[in-house]
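Observations on the model geometry
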Amino acid sequence: MAGVNKVILVGNLGRDPEVRHLDNGRAVANFSIATSETYKNKQGERVTTTEWHNMVLWSPLAEIAEKYLKKGNQVYIEGKLTSRSYEDKDGVTKYITEVVGREMTLLGGPRQEGADNSTPPAAASQPSNSEIVDSTVEDSNEIDDLPF
């Protein structure tokens, strides 16, 4: 039996996406998003906890992220959880867990006051199905099927 590796996140960008263009022409975007949960503890006080998630998007989603995502934007991302290791500049092995996004929906503008809250045009946010079949971006008006 095959396993299931699916992650669904709705959060806010902690920084602008860093987009690199590889020699083969593909783009890769890296950024982090924060998800928060609020609950009441035993003393009745409201407590908010925040988790940070490392995100990776490949073409064509990387180009859309580069064009439209900014620090503070809210985004819905579906993808899979991956782990990898690398050596830092001192030769120490580091481990990192990332979410590789396969679908993305832009939910709104920055949460900062006075910022431009415009949403991108729907036509500009649709990736080409011929490039990567699994990658889709939906218009923010089509978010009626969220599981919560």
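Summary of the structure given here. Every value quoted in this text rests on a predicted model; they were computed, and no experiment measured them.

Our focus in this paragraph is the nonpolar core. Counting residues in hydrophobic clusters, the biggest one holds 21 residues, and the most contacted among them are Phe31, Ile33, Met55, Leu57, Leu69, Val75 and Met104. Listed by contribution, the elements that provide at least two residues to this core are strand 1 (7–13), strand 3 (27–40), strand 4 (46–58), helix 1 (61–68), strand 5 (74–87) and strand 6 (93–108). Sort the elements by how many residues they give to this core and helix 1 lands first, with five residues. Ignoring anything within four residues of it in the chain, the contact list for Val75 reads Leu9, Val10, Gly11, Leu13, Ile33, Leu69, Met104, Thr105, Leu106 and Leu107.

This part takes up the pairing of strand 6. Bridge count between strand 4 and strand 6: three bridges; the pairing is parallel. Along strand 6, the bridge assignment pairs Val56 with Val100. Between strand 5 and strand 6, which pair antiparallel in sequence order, lie five residues; one of them, Gly91, sits at a positive phi of approximately 85°.

Calculation notes
- Residues numbered from 1 in each chain as written.
- Predicted model: local features only at pLDDT ≥ 70, side-chain atom pairs only at ≥ 80, totals over all residues.
- Heavy atoms only, no water.
- Core = buried A, V, L, I, M, F, W, Y, C linked by side-chain atoms within 4.5 Å.
- Buried < 20%, exposed > 50% of the residue type's maximum accessible area, 1.4 Å probe, protein only.
- Helix = DSSP H or I, 4+ residues; strand = E, 2+ residues; numbered from the N terminus.
- Contact = heavy atoms within 4.5 Å.
- Pairing = 2+ DSSP bridges.

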